[in-house]
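This is what each chain is made of:
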Amino acid sequence: MADHPDVAELGYEQARDELASVVKRLEAGGLSLEDSLALWERGEALAAVCEGHLAGARERVERALAAVEDDDEDGETDGD
């Protein structure tokens, strides 16, 4: 992402949408090798941003589930 610092500021949806656009442009072809490589590198940076957002969301869900499980365990009584 060092070559594309602007992507670090993007939210998940923005990065995902731009990544989809990058993939379409690469699949369409017709670009020079240099342009294709630059676009590929941008796509890699966008994919990393998306993965970071998803990892953060995954962690939040896991923490929330752990908190619910802890609450359930605290609410149990002996002898049930």
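Further up the page is the structure itself.
All figures in this text were calculated on a predicted structure; none of them were measured in a lab.

1. Notes on the environment of R60
- For R60, the location among the structural elements is in helix α2 (residues 33-75).
- For R60, a relative accessible area of 60% puts it in the exposed group.
- Separated by 47 residues in the primary sequence, R60 and E13 place their C-alpha atoms 18 Å from one another.

2. A word on the side chain of R42
- Within the element layout of this structure, R42 appears in helix α2.
- Accessibility expressed as a relative area gives 17% for R42, which makes it buried.
- Those residues in contact with R42 that sit more than four places away from it in its chain are H4, D6, V7 and E18.

3. Details of a negative patch on the surface
- On the surface, E69, D70, D71, D72, E73 and D74 cluster together to form a negatively charged patch.
- When you line up the elements, E73 lands in helix α2.
- By relative accessible area, E73 is classed as exposed at 54%.

4. Points about the pattern of salt bridges
- One pass over the structure, following the stated rule, counts five salt bridges.
- Residue E51 is joined to R58 by a salt bridge in which the shortest nitrogen-to-oxygen separation is 4.0 Å.
- On the accessibility criterion, R58 (42% relative accessible area) is partly exposed.
- Across the salt bridge formed by E59 and R63, the nearest N and O atoms sit 2.7 Å from each other. Separated by four residues within a single helix, E59 and R63 lie in helix α2, roughly one turn from each other.
- A relative accessible area of 44% means that E59 is categorised as partly exposed.
- Shared partners join several salt bridges into a network, and the residues in it are D6, E18 and R42.

The rules behind each value
- Residue positions are given per chain, counted from 1 along the sequence in the order it is written.
- This being a predicted model, a pLDDT of at least 70 is required before a residue's local features are given, and a value of 80 or more before pairs of side-chain atoms are given or counted; all residues contribute to the totals for chains, interfaces and linings.
- To get the side-chain values, all heavy atoms of the structure are used, and hydrogens and water are removed first.
- Helix numbering and strand numbering both begin at the N terminus, where a helix is a DSSP run of H or I of at least 4 residues and a strand a DSSP run of E of at least 2.
- For the exposure calls, accessible area comes from a 1.4 Å probe over protein chains only, and a residue counts as buried if that area is under 20% of its type's maximum, exposed if over 50%, partly exposed in between.
- Contacts: residue pairs with any heavy atoms within 4.5 Å of one another.
- Any residue with relative accessible area above 30% and no salt bridge may belong to a patch, with like charges joined within 9 Å and the nonpolar Val, Leu, Ile, Met, Phe, Trp and Tyr side chains within 5 Å.
- Under the convention used here, a 1.4 Å probe and the Shrake-Rupley method define accessible areas, while residue burial counts only the protein chains that appear.
- Should a side-chain nitrogen of Lys or Arg be within 4 Å of a carboxyl oxygen of Asp or Glu, the pair is scored as a salt bridge.
- Positive charges come from Lys and Arg, negative ones from Asp and Glu, while His and the chain ends are left out of the count.
- Where a charge lies is defined by one atom per residue type, namely NZ (Lys), CZ (Arg), CG (Asp) and CD (Glu).

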